[in-house]
Amino acid sequence: MNIVNKIRNVYLYVRKDKLIDCIKYGMKLSEYTNVSFYKGTLIKKGILAYISPKDSDKYFNESYDILRIKTDELNIYVNNSSIVEYCENNTCNFSEMCNLNNYLLGEFINPKLIICSTILPEYIYKYNRIIDVPLLVDNSKEFYLSKELEKENENKFDNLTFSMLKSLS
């Protein structure tokens, strides 16, 4: 049975000099846009975020701070990272995405989230690496791979019968 997981927090990176402004005043979509995608003939803009802060290569970059963003009231799409990386000028195709509310955790090997809303200050928190809300997954890629391995192992035993087990002993 597939259950859609409600992702309540996502993580994004901002330069350290912008941290206080983001927490105090929020993040205007027009000011913090760093990715765009085609939705039909329109180009929509967004702010890149992650399911886990460790999904980004900026995790150990001292120039950036991590913000935890509550997903309530935000318009967020999930895209497979391989699609985002190969898009020209960080522009992707909407048909390859799904809404965060419809995303099944572990569906993409390294999902990247695109926030298509201005983020109000009451939804922004500075992420504390030592003590913060528990992460849904520690690393999306590792979660995906373990889920795929589990599926593969389940499929191996789908056609197993009692008589087959009896013959093994």
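Sequence order as written defines the numbering, with residues in each chain counted from 1. Per-residue local features of the predicted model are confined to residues with pLDDT of at least 70, and side-chain atom pairs are confined, for both listing and counting, to 80 or more; whole-chain, interface and lining totals are unaffected and use all residues. Calculation of side-chain values draws on the structure's entire complement of heavy atoms; hydrogens and water are dropped beforehand.

### Considering the overall build of the chain
Here a strand is any run of E in DSSP of at least two residues, a helix any run of H or I of at least four, and the numbering for each starts at the N terminus. For the chain, the helix and strand inventory stands at five helices and nine strands. Reading the chain from its N end, one meets helices and strands in the order β-α-α-β-β-β-β-α-β-β-β-β-α-α. Throughout this description, buried means an accessible area under 20% of the type-specific maximum (1.4 Å probe, protein chains only), exposed means over 50%, and partly exposed covers the range between. Taken over 169 residues, the chain has a buried fraction of 40%. Partitioning the intrachain contacts of the chain with sequence separation of at least 6 by distance along the chain shows that 80% fall at a separation of at least 24. Here, two residues are considered to be in contact whenever any of their heavy atoms come within 4.5 Å of each other.

### Thoughts on the confidence of the model for the chain
Taken residue by residue, the chain gives an average pLDDT of 81. The fraction at 70 or more is 79%. The quantity called pLDDT is the predictor's confidence in a given residue, expressed from 0 to 100. Across the chain, the secondary-structure element scoring lowest on mean pLDDT is helix H3 (residues 81–86), at 51, and the one scoring highest is helix H1 (residues 19–25), at 96.

### A few points about the pairing of strand E2 (residues 35–39)
Strand residues, when the strand is regular, have side chains that alternate between the two faces of the sheet. As defined by bridge partners, E2 adjoins strand E3 (residues 42–49) across five bridges and the pair is classed as antiparallel. Residue pairing in the sheet places Val35 in a bridge with Gly46 of E3. In this analysis, strands are considered paired if DSSP registers two or more bridges between them. Linking two consecutive strands that pair antiparallel, namely E2 and E3, is a turn of two residues; a positive phi of about 70° is found at Gly40 within it.

### What about the environment of Tyr144?
Looking at the element boundaries, Tyr144 is found in helix H4 (residues 140–156). Note: C-alpha distance between Tyr144 and Ile109 (35 residues apart in sequence) is 5.3 Å. Contact partners of Tyr144, with chain neighbours within four places excluded, come to Gly106, Glu107, Phe108 and Ile109.

### Description of the packing of aromatic side chains
In this analysis, rings of Phe, Tyr and Trp, with Trp reduced to its six-membered ring, are considered paired at centre separations within 6.5 Å, and the interplanar angle assigns stacked below 30 degrees, edge-to-face beyond 60, and tilted for intermediate values. Taken as a whole and assessed by the stated rule, the structure comprises five aromatic pairs. Both rings, one in Tyr11 and one in Tyr127, keep their centres 5.3 Å apart while their planes meet at 75°; by these two values the pair is edge-to-face. Note that Tyr11 is positioned in strand E1 (residues 9–15) and Tyr127 in the loop between strand E9 (124–126) and H4, a separation of 116 residues in sequence. As far as burial versus exposure is concerned, Tyr11 and Tyr127 are alike and both buried. Should the NZ of a Lys or the CZ of an Arg lie within 6 Å of a ring centre and within 35 degrees of the ring normal, that charge is described as sitting over the ring. We note Arg15 situated over the ring of Tyr64; from NZ or CZ to the ring centre the distance is 5.2 Å.

### A look at the nonpolar core
Most often, soluble globular proteins have nonpolar side chains that are buried together. Residues belong to one nonpolar core when they are buried, are Ala, Val, Leu, Ile, Met, Phe, Trp, Tyr or Cys, and are joined through side-chain atoms within 4.5 Å. If you look at the biggest cluster of nonpolar residues, it comprises 28 residues, and the most contacted ones within it are Leu12, Met27, Leu67, Ile115 and Ile119. Those elements that place two or more of their residues in this core are E1, H1, helix H2 (29–32), E3, strand E4 (64–70), strand E5 (76–80) and strand E8 (111–115). Looking at this core, the element that brings in the most residues is E1, giving three residues. Leave out the neighbours within four places in its chain, and Leu67 touches Val10, Tyr11, Leu12, Val14, Leu19, Cys22, Ile23, Met27, Ile124, Tyr125, Lys126 and Tyr127. Within the second largest apolar cluster, eight residues are counted, among which are Tyr11, Tyr50, Tyr64 and Tyr127.

### Section: the sheet that holds E9
In space, the three strands of this open sheet follow the order E1-E4-E9, with antiparallel pairing throughout. The sheet is open, and its two edges are formed by E1 and E9, each paired on a single side. Neighbouring strand axes in the sheet, compared pairwise and without regard to direction, differ in orientation by 35° on average. The pairing of E1 with E4 spans seven bridges and is antiparallel. Bridged to Asn9 within E4 is Lys70. Here an angle of 0 to 180 degrees is reported between the N-to-C directions of two axes, which are lines fitted to C-alpha atoms, with helices fitted over the stretch in contact.

### Description of unusual backbone geometry
Positive phi outside glycine occurs at Glu73, with the angle close to 70°. Looking at where Glu73 falls in the secondary structure, it is placed in the loop between E4 and E5. Looking at Glu73, the relative accessible area reads 70%, which means it is exposed.

### Topic: the environment of Ile119
With respect to the element layout, Ile119 can be found in the loop between E8 and E9. The contacts of Ile119, once residues within four sequence positions are left out, are Leu12, Gly26, Met27, Ile47, Ile69, Leu74 and Ile124.

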